[in-house]
Amino acid sequence: MSKVISRDGTPLAYERTGEGEPLILVGGAFSTGTAEGPLAGLLAPRFSVVTYDRRGRGDSGDTAPYAVAREVEDLAALVEEVGGSACLYGMSSGGALVLRAAAAGLNVPRVAVYEPPFTVLEETRAEKAAYTERLNALLGEGHKGEAVELFLSVVGMPTEFIAQMKQAPVWRSFEALAPTLAYDDAVMGDGTVPADRLASVAQPVLVVSGGASPAVMRDAAVRTSEAVPDGRHRTLPRQTHDVDPRALAPVLAEFLTTA
């Protein structure tokens, strides 16, 4: 892996594959750069694809205190590293980060996101605030496993499945990444669609959702696309939040190469 240094001195590990215009893939919660590897492989024939470990993950460094602005600066460093301009794609909370970067004025000609986990339900703000408080308290006390359990329960994983996962080898990797759950939580703001911020995004934005995803996620994707001046929405039939890269890659390639 190569490394680039962000504005605050944090080293970011990244890999670049393929030929063509630069495209940076941004993962969501619990993701390192390898999570986007299958999608990167499908897009590499048409793009120079960059996957990277967000700060605090994998081979990248971390610098306290955390701020969402630092992650935007991380993307700015990567854009500069690959030539000063790059399209962005973000998955889940990585999509929320990508939209923040676009609103901040990074030189990104086109932006695509898959199901940024916003909500259209204003009454859930209190629930989001309570989650934030509890998550930060657990992490502050060093209870990484409990923080992981909290996150998984909030996203809807049944208790019995969580119990099974705790016995699996993957649980140790989840605990290692637990502190970054607070980063993703910060990126999401109060959890609602940030219409005011999105209104300042000048780039064309594609928001994709799965036809088999819960209605609240599909509604949020539509609302997100409507909040962007040049936004559009696309539904992938039979797909869920765990989208198949083979279904997603052609849609991304078409949008990101449209003149």
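Look up a bit, the structure's there.
Below is a short write-up of the structure. The structure displayed is predicted, hence computed values, not measured ones. (Residues numbered from 1 in each chain as written. Predicted model: local features only at pLDDT ≥ 70, side-chain atom pairs only at ≥ 80, totals over all residues. Heavy atoms only, no water.)

1. Points about the pattern of salt bridges
Pairs may arise between side chains of opposite charge once their charged atoms sit close together.
Moving on, step 1. Within the structure shown, the criterion is met by 13 salt bridges.
Moving on, step 2. Notably, a salt bridge pairs Arg 54 with Glu 71, separated by 2.8 Å at the nearest N-O pair. With Arg 54 in the loop between strand 4 (47-52) and helix 2 (68-81) and Glu 71 in helix 2, this residue pair connects regions lying 17 residues apart in the sequence.
Moving on, step 3. Judged by its relative accessible area of 1%, Arg 54 falls in the buried class.
Moving on, step 4. One salt bridge connects Arg 232 with Asp 230, and the closest N-O pair in it is separated by 2.5 Å.
Moving on, step 5. The exposure class of Arg 232 is partly exposed, given its relative accessible area of 32%.
Moving on, step 6. Residue classification places Asp 230 among the partly exposed residues on the basis of a relative accessible area of 30%.
Moving on, step 7. Three or more residues joined by partner-sharing salt bridges are found here, namely Arg 54, Arg 57, Glu 71 and Asp 184. (Salt bridge = Lys/Arg side-chain N within 4 Å of Asp/Glu carboxyl O. Helix = DSSP H or I, 4+ residues; strand = E, 2+ residues; numbered from the N terminus. Buried < 20%, exposed > 50% of the residue type's maximum accessible area, 1.4 Å probe, protein only.)

2. Looking at the nonpolar core
Generally speaking, soluble globular proteins have nonpolar side chains that are buried together.
Moving on, step 1. In this structure, Ile 24, Tyr 52, Leu 75, Leu 78 and Val 111 are the most contacted members of the largest nonpolar core, which totals 39 residues.
Moving on, step 2. Among the secondary structure elements, those contributing two or more residues to this core are strand 2 (11-17), strand 3 (21-26), strand 4, helix 2, helix 3 (93-103), strand 6 (111-114), strand 7 (205-210) and helix 10 (215-227).
Moving on, step 3. Setting aside chain neighbours within four positions, we find Leu 75 in contact with Ile 24, Val 26, Tyr 52, Leu 88, Leu 97, Ala 101 and Leu 106.
Moving on, step 4. Counting 23 residues, the second-largest nonpolar core is a separate cluster that includes Leu 23, Tyr 114, Val 208 and Val 243. (Core = buried A, V, L, I, M, F, W, Y, C linked by side-chain atoms within 4.5 Å. Contact = heavy atoms within 4.5 Å.)

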